Amino acid sequence: QVQLVQSGGGLVQPGGSLRLSCAASASILSIYTMGWYRQAPGAQRELVAQITKYDSTIYADSVKGRFTISRDNAKNTVYLQMSSLKPEDTAVYYCRVLLTNGNIYWGQGTQVTVSS
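All values reported here derive from a predicted model rather than from experimental measurement.

**A word on the state of the cysteines**
- Considering all chains together, one arrives at one disulfide under this definition.
- Two residues, Cys22 and Cys95, share a disulfide whose sulfurs are 2.1 Å apart. Between Cys22 and Cys95, the S-S dihedral sits near -80°, and the bridge is therefore left-handed. In this pair, Cys22 sits in strand S3 (residues 18–24) while Cys95 sits in strand S9 (residues 91–99), placing the two residues 73 residues apart along the sequence.
- Exposure remark for Cys95: the relative accessible area of 0% places this residue in the buried category.

**A few points about the packing of aromatic side chains**
- By the definition in use, this model includes three aromatic pairs.
- Relative to Trp106, the ring of Tyr37 lies with its centre 5.1 Å away and its plane at 70°, an arrangement referred to as edge-to-face. Pair noted here: Tyr37 is in strand S4 (residues 31–39) and Trp106 is in strand S10 (residues 104–106), with a separation of 69 residues, a long-range link.
- Here Tyr94 and Trp106 contribute two aromatic rings whose centre-to-centre distance is 6.5 Å and whose plane-to-plane angle is 85°, an arrangement assigned as edge-to-face. Highlighted residues: Tyr94 in strand S9 and Trp106 in strand S10, separated in sequence by twelve residues.
- Judged by its relative accessible area of 36%, Trp106 falls in the partly exposed class.

**Points about the pairing of S9**
- Along S9, seven of the nine residues are buried, which leaves the element largely enclosed by surrounding structure.
- In the sheet, S4 pairs with S9 via eight bridges, with the strands oriented antiparallel. For Gly35, the partnering residue across the bridge sits in S9 and is Arg96.
- Bridge count for S9 against strand S11 (residues 110–114) is three bridges, and the pairing is antiparallel. Bridging across to S11, Tyr93 finds its partner in Thr110.
- Examined bridge by bridge, S9 and S10 share three bridges and lie antiparallel to one another. In the strand pairing of S10, Arg96 is matched with Trp106.

**Here we look at the environment of Gly102**
- With respect to the helices and strands, the residue Gly102 is situated in the loop between S9 and S10.
- For the pair formed by Gly102 and Arg38, sequence separation is 64 residues and the distance between their alpha carbons is 21 Å.

**Brief notes about the pattern of salt bridges**
- Under the definition given, this model contains four salt bridges.
- Between Lys64 and Asp61 there is a salt bridge, with the nearest N and O atoms lying 3.1 Å from each other.
- In this structure, the salt-bridge partner of Arg66 is Asp89, at a minimum N-O distance of 2.7 Å. Here the residue Arg66 occupies a position in the loop between strand S6 (57–59) and strand S7 (67–72), and Asp89 occupies one in the loop between strand S8 (77–82) and S9, the gap between them amounting to 23 residues.
- Judged by relative accessible area, which is 11%, Arg66 ranks as buried.
- Ionic contacts of the salt-bridge type, sharing partners, join the residues Arg38, Glu46, Arg66 and Asp89 into one network.

Thresholds applied
Sequence order as written defines residue numbering, which begins from 1 separately in each chain. Under the rules for a predicted model, residues below a pLDDT of 70 receive no local features and side-chain atom pairs below 80 are neither given nor counted, while totals for whole chains, interfaces and linings still include all residues. Hydrogen atoms and water are omitted, and side-chain values are computed over all heavy atoms in the structure. In plain terms, two cysteine sulfur atoms within 2.5 Å form what is called a disulfide here. Helix and strand labels come from DSSP, where a helix needs a run of H or I of at least four residues and a strand needs a run of E of at least two; each type is numbered from the N terminus. When a residue's accessible area, from a 1.4 Å probe over protein chains only, is under 20% of the maximum for its type it is buried; when over 50% it is exposed; and in between it is partly exposed. Geometry of aromatic contacts follows a simple scheme: Phe, Tyr and Trp rings, the Trp one being its six-membered ring, pair when their centres are within 6.5 Å, and the pair is stacked under 30 degrees between planes, edge-to-face over 60, tilted otherwise. Pairing between strands is defined by DSSP: at least two bridges between them are needed. Put simply, a salt bridge is a Lys or Arg side-chain nitrogen that is within 4 Å of an Asp or Glu carboxyl oxygen.

In short, geometric facts, not functional conclusions.
Take a look at the structure:
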């Protein structure tokens, strides 16, 4: 069983920045991808950004140029730096880990609210 502990999030004004963190209990050697998803009220959960063990990244078109995903292998942690935040970025953000054996684990979710 892999534990994912998220931190960060909260309330920020439009144009502001936030950083989310997700620490995994799994060895970095067993992790294939680490990523962030979000779910707004009444909407489906969607991919925000993902990074692979080879450090290749993908981003949703809506966040390209504003969000940056990174990972610290020594800490088994993935980060999401969010800048130029917009009200439409408001959602619950979830960390997701895909292991090399195919198992998927989710974090507990953290609320991000962008509002003046």
